[in-house]
Amino acid sequence: FYLGTTYGDCDSSLRLLGCVIIYIAPKAAIFPLEGLEGAEQEAALLNNMRVYGTILLTSMATVVFVGVKYVNKLALVFLACVILSILAVYAGVIKTAVDPPDFPVCVLGNRTLVWKTFDVCAKTIETANGTVTTQLWRMFCDSPFLNATCDKYFVNNNISQVQGIPGVTSGILAENLFGTYYEKGDLIARKNMESVEDPDDPSTNMNRYVLADITSFFTLLVGIYFPSVTGIMAGSNRSGDLRDAQKSIPIGTIAAITTTSTVYMSSVVLFGACIDGVVLRDKFGEGVHGNLVIGTLAWPSPWVIVIGSFFSTCGAGLQSLTGAPRLLQAIAKDGIVPALRIFGHGKANGEPTWSLLLTACICESGILIASLDAVAPILSMFFLMCYMFVNLACALQTLLRTPNWRPRFKFYHWALSFLGMSLCLTLMFLCSWYYAIVAMVIAGSIYKYIEFAGAEKEWGDGIRGLSLSAARYALMRLEEGPPHTKNWRPQLLVLVSTDAEQNVEQPRLLSLTNQLKAGKGLTIVGTALEGTYLENFDQTQRAEQALRKLMEAEKVKGFCQVTVSSNLRDATSHLLQASGLGGLKHNAVLVSWPRNWKQGDEHQTWRNFVELVRETTAARLALLVPKNISAFPSNGERFTEGHIDVWWIVHDGGMLMLLPFLLRQHKVWRKCKMRIFTVAQMDDNSIQMKKDLTTFLYHLRIDAMVEVVEMVRSKTLVMEQRSQMLKQINLTKNEREREIQSITDSSRGSIRRKNPAAVTTQLSVTEEPPAASKEEKPEEESASPPVSSPAQVQLIHDNTNPASPATPATPLTPSETAQSPGEQVQMTWTEKCDGEPAKPPGAATPEGIKDIFNMKPEWENLNQFNVRRMHTALRLNEVIVKKSSEAKLVLLNMPGPPKNRTGDENYMEFLEVLTEGLNRVLLVRGGGREVITIYS
């Protein structure tokens, strides 16, 4: 609006003022127009406008700088001049009905001649001495004699003189009613006059005719005409001076629009009814001796129009130099655009000195362009953009039902605003599509600049209301059903801890969050405080500010949340339960491994951690636990080489496959290659297993190297299964001990006979859990979904669930796959044990097949079973360290938590042994659903 006001009022007025001075005093022209024709004359005229426009701009800017109060006092005088000029034009139109003015136009054939270098509109004249040739003859012939060689068109066509202003009763309106558009350089010709032309004869003496100076078309004329109706918001600009703005602005604006529209439309019709079409299209008046057409039409004298134009343009220029700097000063003082703050300063009395200087510079740029036709489309774009956004804001406020939008105008309807916005947008592209695109780019750039760098004062944003409505609609759509596997992405709840000063203790956790967000999605960074909310409100605010600051530094897009409770365990639980909204909730939790958990004063920290693992398992949330988080890279680091190793012990829904893919989208991990390790027994077909896993990755479109690690299984597994069976048949404690001892002795003898060097404490693949009582079964079954470990692989396509990928899986019968989406867990690996075929989940055994990473058996006692587990972890850790000691990151399946809390410390010790000696480890536990699919 500021640019439109500056260019429209100030620039156009000053250039017109310079043009008026040339008409008043032609001798004052610095660049003489006499003797020049065509483009040379136009260039001289524009140069005069540049010089006089600059002089007048300097003078007016000085007047405004010295005393603006005099400008306001002269406003009524300038208005009176405008009204008198309009009345003079109407009086002249009425006079043409009785006595049209003598305003001749010389036409050769149907072509309008430039009437400057000849005096008589005729080829020859009769005198007492006979027929004498005229100056017009000498323009087209090579000599003044009658036998001279002349231009063929001049010879074949007659010279005629027509009235340029035939009058309102002449019927010329019918001829001018419809459009006639010309290309640049075309001849301005009359339609209803005969012309003899030779198609084979090239046109000559073109500089003798009036030519079109620009290519004209409807939309161009709209763009040129539109600035004349851009004063609609003048009343709004003075709203601070009105006694009752709510009443005065609608009435005054509608009255002003009605008045100006009546004047403009009647002027268009009356000019077309009074003035010949060739004169209307003669932009510089070359065919009428350079006279002012409207000045000639006006009554009683052309000087009424000249003087009226002088004062009105002078007043408009002064008003612009008075109002536009104040508009800019208000923008600068509001701090909306930081780059404009300097223009908010001024003199001691508040006069906007710097704003006036910038406004004068912008006016000068338009004056130097000089051509009104070139500036008018740009000017139209500024105003159309302004009006379009005003209409858009009104329509949006109504459609969004904003409570504080209460228009008093009783005839208002949002459809009118929408229609106005559509018309403005249409006019922009009709006038000039390339200027429209440029204007929209400029407006968008200013908006984004204000959004990111400015807007210190929040005046209310209509886009924000639109965003709220769109967000509500999207959240309601998310509630319609669970997301498809192909749309799954990690929606992270990042749990961090703060110190006494409310500073985040694990900033690298947010670096890892940023690196994982190649899948976009939701991010909630939360922390828990101990105490009561009322007493710790200030700490809560400081913690929230610290989280926001760190999120901004790490470029993490999302939300932060601080929860206060009587203890940290409950506060963390509240975060886990209450974070998110509707369908936009987290599906994965990212929390750091408790550091120094073995120290006596840290026992509550690791107990809270194990409780968190239990809660995420119960809530079916994925869990990501980075160990040695301080060793993880920051966002500024780059790995130029290295590997991301995935140790795929059990299938977790594809989390282990998806996370490395997401990490490699980030520039930190982009150069790292992905390796997948899986464990096989000595009697498994490792070659076939590797082939099937490679095929699986190919279908997932994941580029990774595959390696199968073979490990020997202990015969002690038979003893474990036998022990469980004895418990189930209700033997006494002594009987069970004797039976177990005999089995143990026989097992050892068998191993020594077959392989004396065999290691007895090696990886156990499957074991049956102890029988649970009827009361314990529901708890046990809900603790973790049964999953198989990789001992034998079979790659199939699961047709029962199109959302699930083609994974190495056990074929399931229809009855076995008939589970709810939330409970269905895809089995990837099936195993064989002692030659027995594997049984799918829910088969004949009541507890199903469990493995070491399900942690179903009891952890509370360090019996032989748990000692063997520690040996298993140690053995597996040795293999991982051997293979992945140089890896940049190691991803491991995270075992489930123990059923009873007495085994928590054993569980932590197991994880510690499993990950010992590794620099960067990411423990991953799936949420019980597929997160990756072969379908795009």
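Residues numbered from 1 in each chain as written. Predicted model: local features only at pLDDT ≥ 70, side-chain atom pairs only at ≥ 80, totals over all residues. Heavy atoms only, no water.

Trainee: Account for the overall build of the chain, with residues named and values stated.
Mentor: Across its full length, the chain holds 30 helices and 17 strands. Counting over 936 residues, the chain shows a buried share of 46%. Residue pairs in contact within the chain that sit at least 24 positions apart in sequence constitute 76% of those at least 6 positions apart. On the chain, roughly 47,800 Å² of surface is accessible, and the fraction owed to carbon and sulfur atoms is 59%. (Helix = DSSP H or I, 4+ residues; strand = E, 2+ residues; numbered from the N terminus. Buried < 20%, exposed > 50% of the residue type's maximum accessible area, 1.4 Å probe, protein only. Contact = heavy atoms within 4.5 Å. Areas by Shrake-Rupley, 256 points an atom, 1.4 Å probe, with all protein chains shown as cover.)

Trainee: Outline the environment of A553, listing residues and values.
Mentor: One can find A553 in helix α20 (residues 537–553). Residue classification places A553 among the exposed positions, given a relative accessible area of 58%.

Trainee: For the environment of Y412, give the residues involved together with the corresponding values.
Mentor: Structurally, Y412 is set in the loop between α15 (372–399) and α16 (414–431). Given a relative accessible area of 23%, Y412 falls into the partly exposed group. Counting along the chain gives 18 residues from Y412 to C394, while the straight-line C-alpha distance between them is 9.9 Å. Not counting residues up to four positions away in its chain, the partners in contact with Y412 are C394, A395, T398, W405, P407 and S417. A polar contact of 3.1 Å, which involves the side chain of Y412, links it to the backbone oxygen of C394. Polar side-chain contacts of Y412 include one of 3.1 Å to the side chain of T398. (Polar contact = N/O pair within 3.5 Å; in protein donor to acceptor, adjacent residues only side chain to side chain.)

Trainee: Give a description of helix α19 (residues 508–516) that names residues and reports values.
Mentor: Think of an α-helix as turning once every 3.6 residues; residues three or four places apart then point the same way. With eight of nine residues buried, α19 is to be regarded as a mostly interior element. Every buried residue of α19 is accounted for by L509, L510, S511, L512, T513, N514, Q515 and L516. Buried residues in α19 make contact with β6 (492–496), β7 (523–530), α20, β9 (588–591), β10 (622–627) and α23 (655–663).

Trainee: Talk me through empty space enclosed by the protein; I want residue IDs and the actual numbers.
Mentor: According to the stated counting rule, one finds nine cavities of 30 Å³ or more in the structure shown. Approximately 70 Å³ is the volume found for the second largest cavity. Considering the residues around the second largest cavity, the lining is formed by E175, N176, T180, Y182, A189, R190, K191, D276, G277, V278 and R281. Here the residues of the lining of the second largest cavity sort into three nonpolar, three polar and five charged. (1 Å grid on protein atoms, 1.4 Å probe; cavity = no way out; pocket = protein on both sides within 12 Å on 5 of 7 lines; lining within 4 Å. Points joined across faces, edges and corners; volume = space filled by probe spheres on them. Nonpolar A, V, L, I, M, F, W, Y, C, P; charged D, E, K, R; others polar.)

Trainee: Run through helix α8 (residues 218–225), naming residues and quoting values.
Mentor: Considered for burial, the residues of α8 that qualify are T219, L220, V222 and G223. Down the axis of α8, the buried set is contained in an arc of 160 degrees. They therefore lie on one face. (Arc of directions from axis to C-beta.)

Trainee: If you had to explain a positive patch on the surface to someone new, which residues and values would you point to?
Mentor: Where like charges cluster on the molecular surface, the positive patch consists of K555, R638, K667, R670 and K671. You can see K555 is positioned in the loop between α20 and β8 (559–565). By relative accessible area, K555 is classed as exposed at 65%. (Patch = residues over 30% accessible without salt bridge, like charges linked within 9 Å, V, L, I, M, F, W, Y side chains within 5 Å. Salt bridge = Lys/Arg side-chain N within 4 Å of Asp/Glu carboxyl O. Lys, Arg positive; Asp, Glu negative; His and termini not counted. Charge placed at Lys NZ, Arg CZ, Asp CG, Glu CD.)

Trainee: Tell me what's going on with the sheet that holds strand β2 (residues 111–112), and back it up with residues and numbers.
Mentor: On the basis of which strands lie adjacent, the open sheet formed by three strands has the order β2-β1-β5 and antiparallel pairing. Each edge of the open sheet is held by one strand with a lone partner, namely β2 and β5 (159–163). Where strand β1 (residues 104–108) meets β2, two bridges bridge the pair, whose relative direction is antiparallel. Along β2, the bridge assignment pairs V107 with T112. (Pairing = 2+ DSSP bridges.)

Trainee: So what about the layout of surface pockets? Which residues, and what values?
Mentor: Considered as a void within the structure, the second largest pocket measures approximately 1,200 Å³ in volume. Lining the second largest pocket are 43 residues; nearest its centre among them are S497, E505, Q506, P594 and T605. Looking at the lining of the second largest pocket residue by residue, the class counts come to 15 nonpolar, 17 polar and 11 charged.

Trainee: Describe in detail the packing of helix α22 (residues 603–618) against helix α30 (residues 904–915), supporting the description with residues and values.
Mentor: At a minimum axis separation of 10 Å, α22 and α30 run at an interaxial angle of 90 degrees. Considering their axes alone, α22 and α30 lie roughly perpendicular with respect to each other. Residue-level inspection shows W606, R607, F609, V610, V613 and R614 of α22 in contact with α30, the latter providing D904, E905, Y907 and M908. Broken down by class, the residue content of the contact of α22 with α30 amounts to six nonpolar, no polar and four charged. (Axes fitted to C-alpha atoms, helices over the stretch in contact; angles between N-to-C directions. Parallel < 35°, antiparallel > 145°, perpendicular 65-115°, else oblique.)

Trainee: Give me the lowdown on the nonpolar core, citing residues and values where you can.
Mentor: Counting residues in each nonpolar core, the largest one holds 54 residues, and the members touching the most others are L624, M657, I676 and L891. Looking at this core, the element that brings in the most residues is α23, giving seven residues. If we ignore the near neighbours within four places in the chain, the residues touching M657 are W648, M674, I676, L693, F696, L697, I702 and I932. (Core = buried A, V, L, I, M, F, W, Y, C linked by side-chain atoms within 4.5 Å.)

Trainee: Break down the pairing of strand β16 (residues 889–893) for me, with residues and values.
Mentor: Of all five residues that make up β16, five are buried, and the element is covered over most of its length. With burial as the criterion, each face of β16 is covered, one bearing L889, L891 and N893 and the other bearing V890 and L892. In terms of strand pairing, strand β11 (residues 643–647) meets β16 through four bridges, oriented parallel. Residue pairing across strands places W647 opposite L892, the latter belonging to β16. Across four bridges, β16 lies against strand β17 (residues 921–925) in parallel orientation. Following the sheet pairing, N893 is matched in β17 by V924. For the crossover that starts at β16, traverses α30 and ends in the parallel β17, the hand is right-handed. (Right-handed = clockwise from strand over helix to strand, strands pointing away.)

Trainee: Run through the state of the cysteines, naming residues and quoting values.
Mentor: Using the criterion set out here, one finds two disulfides in the structure. Here C106 pairs with C121 through a disulfide, and the sulfurs are 2.0 Å apart. As the torsion about the S-S bond is roughly 85 degrees, the C106-C121 disulfide counts as right-handed. Within this pair, whereas C106 is found in strand β1, its partner C121 is found in the loop between β2 and β3 (124–127), the two being separated by 15 residues in sequence. For C106, a relative accessible area of 0% corresponds to the buried category. Overall, C121 belongs to the buried group, its relative accessible area being 12%. Between the sulfur atoms of C141 and its disulfide partner C150 the distance amounts to 1.7 Å. Its S-S torsion of approximately 105 degrees makes the covalent link between C141 and C150 right-handed. Here the two residues C141 and C150 agree in accessibility, since each one is buried. (Disulfide = S-S within 2.5 Å.)

Trainee: Which residues make up the packing of aromatic side chains, and what are the values?
Mentor: One pass over the full model with this rule turns up 17 aromatic pairs. On the basis of an interplanar angle of 85 degrees and a centroid distance of 5.7 Å, the ring pair of Y533 and F537 is categorised as edge-to-face. Look at W597 and W606: their rings are 6.0 Å apart centre to centre, the planes differ by 75 degrees, and that puts the pair in the edge-to-face class. Residue classification places W597 among the buried residues on the basis of a relative accessible area of 5%. (Phe/Tyr/Trp six-rings, centres within 6.5 Å; stacked < 30°, edge-to-face > 60°.)

Trainee: Just give me the short version of the sheet that holds strand β12 (residues 673–681), but keep the residues and values in it.
Mentor: Strand order across the open sheet formed by 10 strands is β8-β7-β6-β9-β10-β17-β16-β11-β12-β13, with mixed pairing between neighbours. The open sheet has two edge strands with one neighbour each: β8 and β13 (705–711). Between one strand axis and the next, the sheet turns through 20 degrees on average, direction left out of account. Where β12 lies against β13, seven bridges are found, and the strand directions are parallel. Among the inter-strand pairings, A680 is bridged to a residue of β13, identified as E710. The sheet contacts of α20 involve β6, β7 and β8, and relative to β8 the element is tilted by about 155 degrees. Lying on the sheet, α23 is in contact with β10, β11, β12, β16 and β17; it crosses β16 at an angle near 160 degrees.

Trainee: Lay out the confidence of the model for the chain in plain terms, naming residues and giving numbers.
Mentor: Residues with a pLDDT of 70 or more make up 78% of the chain, whose mean pLDDT is 77. Across residues 714–723 the pLDDT falls below 50, and counting only partners more than four positions away or on other chains, this stretch makes 24 contacts in the model. Across residues 854–862, where pLDDT falls below 50, the model places 38 contacts with residues more than four positions away in sequence or in other chains. (pLDDT = per-residue confidence, 0-100.)

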